[in-house]
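# Structure at a glance
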Amino acid sequence: MQFKDIIGQQAIKNHLINTARESRVSHAQLFLGPEGSGNLPLALAYAQYINCEQPSATDSCGECSSCRKYAKLVHPDLHFSYPFFSSSSSDTAVLFIEKWRKAFLSNPYLGLDAWRNELDAGNKQANINVAECHQIIQKLSLKAFEAPYKVLIMWLPEYLDKNGNTLLKLIEEPPEKTLFLLVAQNQDKLLNTIISRTQLVKVNAIDKQSLASYLVEEKHLMADKATQVAYISDGNLQRAIDLIAEGTNDYFYLFRDWLRACYNSKVLSVIDISESKLASLGRENQKSFLIYAINLMREVVLHKESAGQLVHVTEEELDFVSKFSATLNLDQLVASISLFERASYYIERNANPKILFLDVSLQLILLLNR
Ligand SMILES: [Zn+2]
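All values reported here derive from a predicted model rather than from experimental measurement.

### Topic: the pairing of strand E4 (residues 178–184)
Among the seven residues of E4, seven are classified as buried, and the element is accordingly described as predominantly covered. Where burial is concerned, the two faces of E4 agree: the one with Thr-178, Phe-180, Leu-182 and Ala-184 and the one with Leu-179, Leu-181 and Val-183 are both buried. Across five bridges, strand E1 (residues 28–32) lies against E4 in parallel orientation. For Leu-30, the partnering residue across the bridge sits in E4 and is Leu-182.

Below is the structure:
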């Protein structure tokens, strides 16, 4: 994995490269970022860069013996740990290494659901067990075979639970030339004792423009469609890939018609749209629709505040954005965004979509006409 293969994230790439070039490599680092942001491939590209025999100022060479082994995830000084489903308490992650390599190489942005599918795990609980922690301690106590740095990349340390305490000493005082890279999504689920012992590398969701260009170049989407998918997926490449596979619905027209009907207080159309269209989308699509709505309304706010600059939307959306930013005041916009956020929260908690969307619509009518 080279930095050039990672979508967007230029500031973090520069930061990681600079610290490596200035030999300020911290031994335990936490790559914290949402699913689909690329925190996992970033950690790997960083490890590859540090071990590359001929790194340039911007990337690893991709050709030396170390880089070639890294590219296939077979370097003897590169170790992975990840949640898995153990059938016995002595099972460790290495049992699943072939599946892991295959899953990562086919999609370095994979999320836990994709990994679960790969493992074919049914409803079993994934975790990183005590046996795995002991295995890690043992692996890292050995000298590096050939690389400058021995590296352990742990994906989703959230699943360590209390077992993580076993690793504290190792994280605090790792053997020389050992790099411990934790790749996490949810800070709240991490042990504080681990957080306090690692250096934080904060990774944001992929910026929507970089994601849209990637979707055009690599997934051959039309520009408008790519922009829309980048929005709906909220900068999560895994979600974007899922959306493309599902065949995304055209949320723009639906949203525009719904908002217009609410704005014009056309109660019958509003009821029709919420009952026959929104309520029947299916839960995943309803979530996507609301994320899209939130993002588009944020664009309206941006448009209003910056008088048209900084807005990255399709032509039709821009038309919508400029009309609504002229019509609505900031309070109305902010209130409608939080209304959609609340709706998204309830959808995730299995609210009845018919009742929910009708309720949201009625609140929206009041809000847009006050
Ligand atoms: Zn190299």
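Past the structure itself, the notes keep going.
### Looking at the confidence of the model for the chain
Mean pLDDT over the chain stands at 90; residues scoring 70 or higher make up 96%. For the chain, the element scoring lowest by mean pLDDT is helix H11 (residues 237–246), at 83; helix H2 (residues 39–51) scores highest, at 98.

### With respect to the packing of aromatic side chains
The geometry of an aromatic ring pair comes down to the distance between the two centres and the angle between the two planes. One pass over the structure, following the stated rule, counts 24 aromatic pairs. Considering the side-chain rings of Trp-258 and Phe-340, the 5.8 Å spacing of their centres and the 35° angle between planes classify their relative orientation as tilted. In this pair, Trp-258 sits in helix H12 (residues 251–263) while Phe-340 sits in helix H16 (residues 330–348), placing the two residues 82 residues apart along the sequence. Each member of the pair, Trp-258 together with Phe-340, is buried. With 5.4 Å between their ring centres and 85° between their planes, Tyr-345 and Tyr-346 make a pair best called edge-to-face. Classification of Tyr-346 by relative accessible area gives partly exposed; the value is 40%.

### What to know about the coordination of the zinc ion
Here the zinc ion is held by the protein donor atoms Cys-52 (SG), Cys-61 (SG), Cys-64 (SG) and Cys-67 (SG), which lie 2.3 to 2.4 Å from it. One way to put it: the four donor atoms around the zinc ion meet at angles of 103 to 121°, and that makes the site tetrahedral. Assessed through its relative accessible area of 23%, Cys-61 is described here as partly exposed.

### Re the side chain of Gln-48
Here Gln-48 lies in helix H2. Of the polar contacts made by the side chain of Gln-48, one reaches the side chain of Ser-60; its length is 3.4 Å. Among residues more than four places away in sequence, those in contact with Gln-48 are Met-1, Gln-2, Ser-60, Gly-62, Cys-67, Tyr-70 and Ala-71.

### Notes on the environment of Leu-302
Within the fold, Leu-302 resides in helix H14 (residues 283–306). Here the alpha-carbon distance between Leu-302 and Met-154, two residues 148 residues apart in the chain, equals 38 Å.

### Focus on the nonpolar core
Core analysis: the biggest nonpolar cluster contains 100 residues, and Trp-115, Trp-155, Phe-255, Trp-258 and Phe-340 have the highest contact counts within it. A domain split of this core shows at least three residues from each of domain 1 (3–204) and domain 2 (249–368). Membership of the second largest hydrophobic core comes to 20 residues, among which are Cys-133, Met-154, Leu-160 and Leu-190.

### A closer look at the pattern of salt bridges
Going through the model one piece at a time under the given rule, you end up with ten salt bridges. In this structure, Lys-4 and Asp-5 form a salt bridge, with 3.4 Å as the shortest nitrogen-oxygen distance. Residue Asp-5 is classed as partly exposed on the basis of its relative accessible area, which comes to 41%. One salt bridge in this structure joins Glu-146 and Lys-69, with 2.6 Å as the shortest N-O distance. Placement of Glu-146 in the loop between helix H6 (130–141) and strand E3 (150–155) and of Lys-69 in helix H3 (residues 65–71) is noted, with a sequence separation of 77 residues between them. By relative accessible area, Lys-69 is classed as partly exposed at 27%.

### Examining a negative patch on the surface
On the surface, Asp-224, Asp-250, Glu-315 and Glu-316 cluster together to form a negatively charged patch. If you trace the backbone, Glu-315 turns up in helix H15 (residues 315–327).

### Here's the deal with helix H4 (residues 97–106)
Every buried residue belonging to H4 is among Ile-97, Trp-100, Arg-101, Ala-103 and Phe-104, and all of these are buried. Of the surrounding elements, those touching the buried residues of H4 are H2, strand E2 (78–81), helix H5 (112–119) and E3.

### Observations regarding the sheet that holds strand E5 (residues 199–202)
One open sheet accounts for five strands, arranged E2-E3-E4-E1-E5; its pairing is parallel. Each edge of the sheet is formed by a strand with only one pairing partner; in this case those strands are E2 and E5. Neighbour-to-neighbour, the strand axes of the sheet open up by a mean angle of 20°, direction not taken into account. Examined bridge by bridge, E1 and E5 share four bridges and lie parallel to one another. What sits directly across from Leu-32, in E5, is Lys-202. The strands that H2 touches are E1, E2, E3 and E4; relative to E4, the one it contacts most, it runs at about 165°.

### A short note on the environment of Cys-67
As for its placement among the helices and strands, Cys-67 is situated in helix H3. On the basis of relative accessibility, which here comes to 1%, the residue Cys-67 falls in the buried class.

### Examining the domain arrangement of the chain
By domain assignment, the chain separates into domain 1 (3–204) and domain 2 (249–368). The distance between the C-alpha centroids of domain 1 and domain 2 comes to 39 Å.

What counts and what doesn't
Residues numbered from 1 in each chain as written. Predicted model: local features only at pLDDT ≥ 70, side-chain atom pairs only at ≥ 80, totals over all residues. Heavy atoms only, no water. Buried < 20%, exposed > 50% of the residue type's maximum accessible area, 1.4 Å probe, protein only. Helix = DSSP H or I, 4+ residues; strand = E, 2+ residues; numbered from the N terminus. Pairing = 2+ DSSP bridges. pLDDT = per-residue confidence, 0-100. Phe/Tyr/Trp six-rings, centres within 6.5 Å; stacked < 30°, edge-to-face > 60°. Donors = N, O, S within 2.8 Å, 3.2 Å for Na, K, Ca; no water. Tetrahedral: all angles 85-135°; square planar, octahedral: opposite > 155°, others 65-115°. Polar contact = N/O pair within 3.5 Å; in protein donor to acceptor, adjacent residues only side chain to side chain. Contact = heavy atoms within 4.5 Å. Core = buried A, V, L, I, M, F, W, Y, C linked by side-chain atoms within 4.5 Å. Domains from an automatic or database assignment. Salt bridge = Lys/Arg side-chain N within 4 Å of Asp/Glu carboxyl O. Patch = residues over 30% accessible without salt bridge, like charges linked within 9 Å, V, L, I, M, F, W, Y side chains within 5 Å. Areas by Shrake-Rupley, 256 points an atom, 1.4 Å probe, with all protein chains shown as cover. Lys, Arg positive; Asp, Glu negative; His and termini not counted. Charge placed at Lys NZ, Arg CZ, Asp CG, Glu CD. Axes fitted to C-alpha atoms, helices over the stretch in contact; angles between N-to-C directions.

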